[in-house]
Amino acid sequence: MVFNPIQIVPELYQLLLILALFFQSLGDGSDTPPAERWLPFFAGFGIFVCIVSWGAEGLLFGGAYKIDALSQFIKLAISAGFYVTVLNASRQPSLEERKRPDYFMFLALSAWGLMILSSAVELITIYLALEISSYSLYAVIPLRNTGGLGDKRAAEAGIKYILFGAVATALALYGFSYILASQHTSYISQLALRTWTWEGAPMAVVGLSLFLGGMFYKLALFPFHFWCPDVYQGASNETAGFVATLPKLGAVVVLVRLATLLKPGLEITTLLAVLGAASMTYGNLCALAQKDLKRLLGFSSVAHAGYIMVGLVSGTAMGLSAAVFYALAYLVMNLLCFWVISRVASDGRNLQLDDLNGLYKRAPALAFALGVGAFALVGLPPTIGFMGKFFLITSAWDHGYNWLVITLVVNSAIAIYYYLGLVRHAYTHEAGEDVPTPDNSAFSICGATLLAALVLVLGMVPGRVFDFAIMAGKQLLP
Amino acid sequence: MEFGYPVLTTLIVFPLLAAAGLFFIKSPQVTRAYTMGASILELILAIPLFTFKHNAEWQFVERAHWVPQWGLEYHLAVDGISYLMVMLTLAILPLCVMCSWTYISKRVKEFHFCLLFMTAACVGVFAALDFVLFYVFWEAMLIPMYLLIAVWGGDQRRYASLKFFLYTLAGSTLLLAAIVAFRITGGTFSIPELMQFPFTFQFQFWTFLAMALAFAIKVPMFPFHTWLPAAHVQAPSAGSVILAAVLLKMGTYGFLRFCLPLTPAASEYFAPLMIAISIASILYGGAIALGQEDIKKLVAYSSVGHMGFVTLGIFLFNQRGVEGALFQMLNHGIITGALFMMIGCVYERSHSRQIVDNMGLGKYLPAFMGFWGLYALASLGFPGTNGFVGEMLVFTGAFQKSYIVGAFLVPGALLGAAYMFRVSLKMAWGQPSSAKTWPDLNTREWAYLLIPAAFVFYIGLAPGFFFKLIDPSVEKLVGDFKQRNTVEQKVTAEAVPAAVAAVVVPAEPVNN
């Protein structure tokens, strides 16, 4: 196969950004414009690059790297998400000026790894891409200057993330060896033709389960979720905004590709369904008791990881499309929530629920955006969260996992309590003493409004975007 | 028929646009006047609805693709049943604006935003013929209602609003599952098409339960009613009015629109249970109302009783019963709405909702007490008022069904008279009077109390027009129900032995 660089322009462009940031990080920063000034423009241009390479298709690097509708869809989402997180992080109060080029370089590197992940169709490639995206995050998470208060939370979060990540990836690699030994190939397209029943290939089933563990770690699915609330809490608001959103997208795309192996009724599919049910229930129940906003969102993301499983286990093209769409919905909703959190905590502190008190008065636009985000996360119409959830359960109904669908809808009822808590504090409580002063600049309000509008508009007319998701799903499971 | 604009869509979109326009207004007084103007304009926009033809067809149909990949449609239309509810919703809005003119003094803009948003969503609920579209409006309406209670409510507003939200949302999550099940089994989200589809009894059994839970919480029926008194008592007047007049109707509307046509066999199967619960609601609501010291709580519990009449009428499955249910829905909207406005009125004077703080008004506030007396009589179903028509029809239907059911209603109606007289007598002549310095009704209050009064008498004395309006749809509903119900039973009668023979029940819908 002829290698055509045009097909991987988004990746190359991202690599270029990384190199530029790398060279800037070498200097002392006195003769270059600060990274947060120029990077947003170039990251925004990255979205354009992804749109240009939208229709590309091909199989590169010895069949290990596939450019298709799914990968381009996800790459676009990643570059858009990267753009938003860069904008979000450009005013990060808890990061020293001289560390910024490094910080952004690692973020870009992680996004780059995720882009590769979205195209990887071979297990080793997947593994490598996963490591690229994880390793850079290991470095980013402790980068939080909490003002010399002796708060070691950020370092603790970093260590937790590394240790947990190391174990998970080691497990994945171990599982990979089983798969290779049993099925004699590491290409997903080949693997899809093999048997995956317990009777037929017990070793491969064990291997795949372990390999999936690596993805579950990224996705923060129960029981690989323990890092999630701690890391969100320890990392700065802006970093958490990245960790909570983009890596999930990467994990979902791999799971969607691997889901072509999982026919309903297989033991491993049922295992996925059970983990999904456990994850959503556990995440929601734990979130009920949280006071720290980021911990709350951490547990909420554990629950959302469970929701995505509903689409994956249905074993239909529609199910996969719904999972991809939901991942996108999750991305947008969380970007919105973290945008608001970062703007409200203008001094870089960790927000408690009580810090939101009276937000409607101090920052009406941000309060409204937070409300939209919270209701979207619950899955109330007319938001993208509702549409995503609705597509998930419609695609999964009558494919053997109806109990999972019921679990999902019951969980929405549990979840309403704590999401409503955000709205309740923002709208019905009066502000106490020592509440942070929210950032009411045009920049902050515009970002919040645009993201909120995106959540609402995609909730009302999701047809166009969903077309792309379906296109992606149909290519995987014709 | 052409009016130059899509009527139902306009009725939904216009309040939203008007709500958006609120953000450009600064002064609270202008906000009130603006919303008042918008609500009257909304009524003017609804004038084409008066060309409604008195038959059972879907009218004012609007249909467009929404998400074609999933077969979602933007499908609006009204028949006799929903027509009435849409009208009620539209008529309530200006009254709500008027009755909160002085009652609401903080965050006026946001308050009216919620009112307008609410109206749009409510019209949507009653006009939607796509199941998902219905659900979207059904849920969307929770948010403004939550805010109405949580921001402008009384002392325990947070508790009440949260309880309201949790209850109703928990109920409707299973409704969503049922909607999806209908789509997968019936192949469409279109409600009129689903009404033709023969579902198996097993399927109907589970979907009926899922839907009935959602609707029973909304109505609310007896064991699920506890959110209602809390919400009513804490909500501001306008919130209570919308809650009583429109929101509760959504539950009973759901029974009429979905349970009876879509799951006829299961409705028949569960009818004894539903009738029993309805009677329990009537008796329980009445008995509890008898012991209340808080006027608003009393009216809230009376709502539970009145809505019991509605659900009872629905599950009698005869013409009179369903007609009675519809009349009762309309009447309860008018009467209870008016009673809540009156409570708001007197609360502005006494700053208390306790009966003991509002006694002896007869001498000092004759106009107020006159209106109160009228609505209290209408509430207990006094002949000549609209309450009588609805209750009478339900009674007739109940006795047609069985004497026992009818016999249970008699104490229910008596209780209604008892609690209404108790509170009214105390308010009129109780001693000591607390009203010596209070002014009687002003012009604005006269205005918003006269309008419902006109309807009380109009429906009470000449209900013919409304019969003409609803009868074709009710006949069709009951006729379809009878016909589909017998077909279903035949199908299940044949299917069951086969299923028993195969040991495993095939294609069980919900329970996997």
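J.: Is there a simple way to explain unusual backbone geometry in this structure?
T.: Phi is mostly negative for residues that are not glycine, and the peptide bonds are mostly trans. With an omega of 0 degrees, the peptide bond between F222 of chain A and P223 of chain A qualifies as cis. With respect to the helices and strands, the residue P223 of chain A is situated in the loop between α8 (202-219) and α9 (227-234). The amide bond that connects P381 of chain A to the next residue, P382 of chain A, takes the cis arrangement and shows omega of 0 degrees. Within the secondary structure, P382 of chain A is located in the loop between α16 (364-378) and α17 (384-396). Despite not being glycine, H184 of chain A shows a phi value in the positive range, around 60 degrees. With respect to the helices, strands and loops of the structure, H184 of chain A is situated in the loop between α6 (153-183) and α7 (188-191). H184 of chain A sits in the exposed class, given a relative accessible area of 62%. Positive phi values are uncommon outside glycine, yet F317 of chain B reaches one of about 60 degrees.

J.: Teacher, can you tell me more about the interface of chain A and chain B here?
T.: Often the size quoted for an interface is simply the accessible area lost on bringing the parts together. In this assembly, 37 residues from chain A lie in contact with 35 residues from chain B. The junction of chain A with chain B conceals about 3,400 Å² of combined surface from both sides, 77% of it contributed by carbon and sulfur atoms. Contact with chain B buries surface across chain A, with F390, W397 and T428 of chain A losing the most and accounting together for 18% of the total. Scanning the region where chain A abuts chain B turns up zero salt bridges. Our enumeration of links across chain A and chain B arrives at four residue pairs in polar contact (both at pLDDT 80 or more). Secondary structure elements with two or more residues in the side of chain A that touches chain B: α16, α17, α18 (402-427) and α20 (463-476) of chain A. If you tally residues by element for the side of chain A that touches chain B, the top one is α18 of chain A, at twelve residues. When its residues are assigned to classes, the side of chain A that touches chain B shows 26 nonpolar, eight polar and three charged.

J.: Quick question: what am I supposed to make of the pattern of salt bridges here?
T.: Opposite charge on two side chains permits them to pair, given that their charged atoms come into close proximity. Inspection of the entire model under this criterion finds 14 salt bridges over all chains. For the salt bridge of K160 of chain A with E156 of chain A, the shortest nitrogen-to-oxygen distance reads 2.8 Å. Pair noted here: K160 of chain A and E156 of chain A are both in helix α6, with a separation of four residues, about one helical turn. K160 of chain A gets classed as partly exposed once you look at its relative accessible area, which sits at 30%. Using a relative accessible area of 40% as the deciding quantity, one classes E156 of chain A as partly exposed. The salt bridge partner of E323 of chain B is R320 of chain B, with a shortest N-O separation of 2.7 Å. Of this pair, E323 of chain B and R320 of chain B are both found in helix α14 (residues 319-350), three residues apart, which corresponds to roughly one turn of the helix. Judged by relative accessible area, which is 32%, R320 of chain B ranks as partly exposed. Via salt bridges that share partners, E156, K160, D230 and R295 of chain A belong to a single interconnected network.

J.: Where do I start with the packing of helix α7 (residues 157-186) of chain B against helix α9 (residues 201-218) of chain B in this structure?
T.: Helix packing for two helices is described by the angle between their axes and how far apart those axes are. All names here are of chain B. Close contact between α7 and α9 brings their axes to 8 Å; oriented N to C, the two are set at 150 degrees. As summarised for this structure, α7 and α9 are arranged roughly antiparallel, according to the angle between their axes. The interaxial crossing formed by α7 with α9 has left-handed handedness. Two secondary-structure elements touch here, α7 through Y167, T168, G171, S172, L174, L175, A178, A181, F182 and T185 and α9 through F203, T207, A210, M211, L213, A214, F215, I217 and K218. Taken together, the residues that form the contact of α7 with α9 break down as 13 nonpolar, five polar and one charged.

Cut-offs and rules
- Residues numbered from 1 in each chain as written.
- Chains lettered and ligands numbered in written order.
- Predicted model: local features only at pLDDT ≥ 70, side-chain atom pairs only at ≥ 80, totals over all residues.
- Heavy atoms only, no water.
- Helix = DSSP H or I, 4+ residues; strand = E, 2+ residues; numbered from the N terminus.
- Buried < 20%, exposed > 50% of the residue type's maximum accessible area, 1.4 Å probe, protein only.
- Contact = heavy atoms within 4.5 Å.
- Buried area = accessible area lost by both parts, 1.4 Å probe.
- Salt bridge = Lys/Arg side-chain N within 4 Å of Asp/Glu carboxyl O.
- Polar contact = N/O pair within 3.5 Å; in protein donor to acceptor, adjacent residues only side chain to side chain.
- Nonpolar A, V, L, I, M, F, W, Y, C, P; charged D, E, K, R; others polar.
- Axes fitted to C-alpha atoms, helices over the stretch in contact; angles between N-to-C directions.
- Parallel < 35°, antiparallel > 145°, perpendicular 65-115°, else oblique.
- Left-handed = near helix turned anticlockwise from the far one by under 90°.

None of this, on its own, says anything about what the molecule does.
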